Amino acid sequence: MSHLILVGFMGCGKSKLGRRLSYRLRRPFLDTDKEIEMEQEASINQIFAEHGEAYFRSLETNCLKALLWEKEEHVVSTGGGIVIREENRELMKMLGTVVYLKVSPLTVYERLKGDNSRPLLQGTNQLEKITRMMSQRKHYYEAAAHYVVEVDGKSLDELTEEVRNLII
Ligand code: S3P
């Protein structure tokens, strides 16, 4: 079984690209954030506020484990912090091909300005927060991935083709 798994920082476009790829590759799409929200019947913000980040990370691990039993090859988009846990990085490598969508802090800042659905980016000094978190996570994304794809300045169509070419 070889799923296509997209990882990368918040706002790098994993879900949008994942949906497009699932259409182009004719494979079902799964978004770990959406799966978790559906299963918990709560938003990511609520889960973080009520149970904390560690609990959310365990839900991400459970979600990846459930994918081990999937019979069909999926396109999977993940939450930006899924790579932090070593167990998750190992699970993803077992599950298929992992593509890291690499984006610049400024692009993320521009895309997520005014967004309040990401609990870890709330408050002031957003660009600073994004830059710091990204540099802390950089090596986790690189360790998790088989391929790195630069996102800045590319259209959705270009990115779709680039990722598709990696796996066909
Ligand atoms: C997170 C990223 C979010 C979501 C949660 C935590 C992170 O997903 O899982 O808010 O730690 O980077 P997106 O990358 O889809 O925004």
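Residues numbered from 1 in each chain as written. Predicted model: local features only at pLDDT ≥ 70, side-chain atom pairs only at ≥ 80, totals over all residues. Heavy atoms only, no water.

Q: Before we move on, could you go through the overall build of the protein chain and cite the residues and values that matter?
A: Helix and strand content of the protein chain: 8 helices and 5 strands. In sequence order, the protein chain lays out its α and β elements as β-α-β-α-α-α-β-α-β-α-α-β-α. In terms of C-alpha radius of gyration, the protein chain reaches 15 Å, essentially the compact-globule figure of 15 Å for 168 residues. Structurally, the protein chain occupies a C-alpha span of about 45 × 35 × 25 Å along its principal axes. Buried residues in the protein chain amount to 44% of all 168 residues. The contacts in the protein chain between residues at least 6 apart in sequence include a share of 75% that link residues at least 24 apart. Entry remark: accessible area of the protein chain is about 8700 Å², with carbon and sulfur atoms responsible for 49%. Across the protein chain, the centroid of the 24 positively charged side chains sits 3 Å from that of the 25 negatively charged ones. (Helix = DSSP H or I, 4+ residues; strand = E, 2+ residues; numbered from the N terminus. Rg over C-alpha atoms; globule rule 2.2 N^0.38 Å. Buried < 20%, exposed > 50% of the residue type's maximum accessible area, 1.4 Å probe, protein only. Contact = heavy atoms within 4.5 Å. Areas by Shrake-Rupley, 256 points an atom, 1.4 Å probe, with all protein chains shown as cover. Lys, Arg positive; Asp, Glu negative; His and termini not counted. Charge placed at Lys NZ, Arg CZ, Asp CG, Glu CD.)

Q: A description of the site of the ligand should follow, citing residues and the corresponding values.
A: As a structural note, the neighbourhood of the ligand is formed by 14 residues, with Lys14, Asp33, Arg57, Arg118 and Arg137 the closest of them. A distance of 2.8 Å separates an oxygen atom of the ligand from a polar backbone atom of Gly80. Of all the elements in the fold, those that place two or more residues in the shell around the ligand are α3 (44–51) and α4 (53–67). (Near = heavy atom within 4 Å. Polar contact = N/O pair within 3.5 Å; in protein donor to acceptor, adjacent residues only side chain to side chain.)

Keep in mind that these numbers describe shape and distance, not what the molecule does.
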